[in-house]
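Spelled out from the first residue to the last, the chains are:
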Amino acid sequence: MGARQSRADTKDKNSKRMLLLGRRQKLSLWDDVLLSGRDPRSLLKRGMHHVSFSLVTKGMTDVPDFLWGLSEVQKLNLSHNQLRVLPPEVGRLTRIVVLNLCGNRLKSLPRELSLLKSMKVLFVNMNCLTEMPAELSSCKQLEVLSLSHNCLSQLPASFADLSRLRKLNLSNNYFAHIPICVFSLKELNFLHVGSNRLENIAESIQCLANLQIFIAENNNIHSFPRSLCLVTSLELLNLNNNDIQTLPDELYLLCRLAKIAWNPMDKGLHISHNPLSKPLPELVEGGLEMLFSYLKDKKHN
């Protein structure tokens, strides 16, 4: 009887040990570090060019306080969590170059982001933002800004000061027009305003002389502005799924458009799923050269 009880006790202890081990194995790396009392800096990844820190898909609702002491972080990835608030302490991380906050539940951003003077890339797509802090315009080094899949309908006028911005994604928001400040961004080579509430493209689009990719698909745009034909740097122009009936005779000026494109990833002119008037649909089917030739002859006759 005693031997049997001893074996039962041993089995019970082993079961508890395995359970504890299983729980420990489920701990995230940063949980494990904190529970063991180690320095959180041991979690930093030091590459050849940047010091990075990542807490991706951890289910976090709050940013752990220890993070604000990691002042050497240059790449910070907090994407795909459940964050509702980004604390103002983020302004302490003044060496940040890349900040990824996508896939959270943020409704606003702290004005202290303006203290991140070295930041070049900011991803805040797939959140619940209804406005952007005007102070972000102080981040003069910013080159890439992704705000897609939010609830934005306007941008601060001060964003016109983001003179180094090259890529701007405003898709899947509530914009009724392209914000005026965008037309001041002379270095912009990528602009995505697809899946908004646009009904027109302002004549000021011609100010974006370096624009190579312009995507405005899935809106309610009624006309193709002639001024867009002056942006001769365009290599990809996507106006699919709009309400465009005619094309400007000057379209042939967009000589860097290589073809009529059907694959979303291809460069060229995307103009499908628009109520084009005859004979434009047949010309589009015939290819870009045929379309350009028709429009050029029409202009000169």
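Whatever comes next refers back to the structure up there.
The following refers to the structure shown.

Conventions we followed
- Residues numbered from 1 in each chain as written.
- Predicted model: local features only at pLDDT ≥ 70, side-chain atom pairs only at ≥ 80, totals over all residues.
- Heavy atoms only, no water.
- Helix = DSSP H or I, 4+ residues; strand = E, 2+ residues; numbered from the N terminus.
- Buried < 20%, exposed > 50% of the residue type's maximum accessible area, 1.4 Å probe, protein only.
- Contact = heavy atoms within 4.5 Å.
- Areas by Shrake-Rupley, 256 points an atom, 1.4 Å probe, with all protein chains shown as cover.
- Expected span 1.5 Å × (residues − 1).
- Arc of directions from axis to C-beta.
- Core = buried A, V, L, I, M, F, W, Y, C linked by side-chain atoms within 4.5 Å.
- Salt bridge = Lys/Arg side-chain N within 4 Å of Asp/Glu carboxyl O.
- Pairing = 2+ DSSP bridges.

1. Structural notes on the overall build of the chain
Moving on, step 1. Counting secondary structure elements, the chain contains 4 helices and 11 strands.
Moving on, step 2. Expressed as a percentage of the 301 residues in the chain, the buried residues total 47%.
Moving on, step 3. Taking the intrachain contacts of the chain between residues at least 6 apart in sequence as the baseline, contacts between residues at least 24 apart amount to 32%.
Moving on, step 4. Carbon and sulfur atoms form 50% of the exposed surface of the chain, whose accessible area is close to 15,800 Å².

2. With respect to helix H4 (residues 288–300)
Moving on, step 1. Under the 1.5 Å per step criterion, the end-to-end length of H4 is 18 Å for 13 residues, consistent within 8% with the ideal 18 Å.
Moving on, step 2. For H4, the full list of buried residues reads Leu-288, Leu-291, Phe-292 and Leu-295. Considered in projection along H4, the buried side chains sweep an arc of 95° and stay on one side of the axis. In this structure, H4 carries Glu-289 and His-300 as exposed residues pointing more than 90 degrees from its buried face.
Moving on, step 3. Looking at the buried residues of H4, the elements they touch are strand E11 (268–270) and helix H3 (280–286).

3. A word on the nonpolar core
In summary, soluble globular proteins display a tendency toward joint burial of nonpolar side chains.
Moving on, step 1. With 83 residues, the main nonpolar core has Phe-214 and Leu-291 as its most contacted residues.
Moving on, step 2. Secondary structure elements with two or more residues in this core: strand E2 (51–54), H3 and H4.
Moving on, step 3. A per-element tally of this core places H4 first, with 4 residues.

4. Focus: the pattern of salt bridges
Where charged atoms of side chains with opposite charge meet at close range, the side chains can pair.
Moving on, step 1. All told, the structure shown has 5 salt bridges when counted by the stated rule.
Moving on, step 2. Lys-267 is the partner of Glu-235 in a salt bridge, and the nearest nitrogen-oxygen pair spans 2.7 Å. On the criterion of sequence distance, the pair formed by Glu-235 in the loop between strand E9 (213–215) and strand E10 (236–238) and Lys-267 in the loop between E10 and E11 is long-range, its members being 32 residues apart.
Moving on, step 3. Look at Glu-235 and you get buried, because its relative accessible area is 18%.
Moving on, step 4. A relative accessible area of 47% places Lys-267 in the partly exposed class.
Moving on, step 5. Between Lys-298 and Asp-249 there is a salt bridge whose closest N-O contact spans 2.9 Å. Here Lys-298 is found in helix H4, whereas its partner Asp-249 is found in the loop between E10 and E11, with 49 residues between them in sequence.

5. Quick look at the pairing of E2
Moving on, step 1. What you see with E2 is a clean split: Val-51 and Phe-53 sit on the buried side and Ser-52 and Ser-54 on the side with no burial.
Moving on, step 2. Inspection of the sheet shows strand E1 (residues 45–46) paired to E2 by 2 bridges, in the antiparallel sense. Bridge pairing in E2 links Arg-46 to Val-51.
Moving on, step 3. For E2 and strand E3 (residues 75–77), the ladder comprises 3 bridges, and the chain directions are parallel. Along E3, the bridge assignment pairs Phe-53 with Leu-76.

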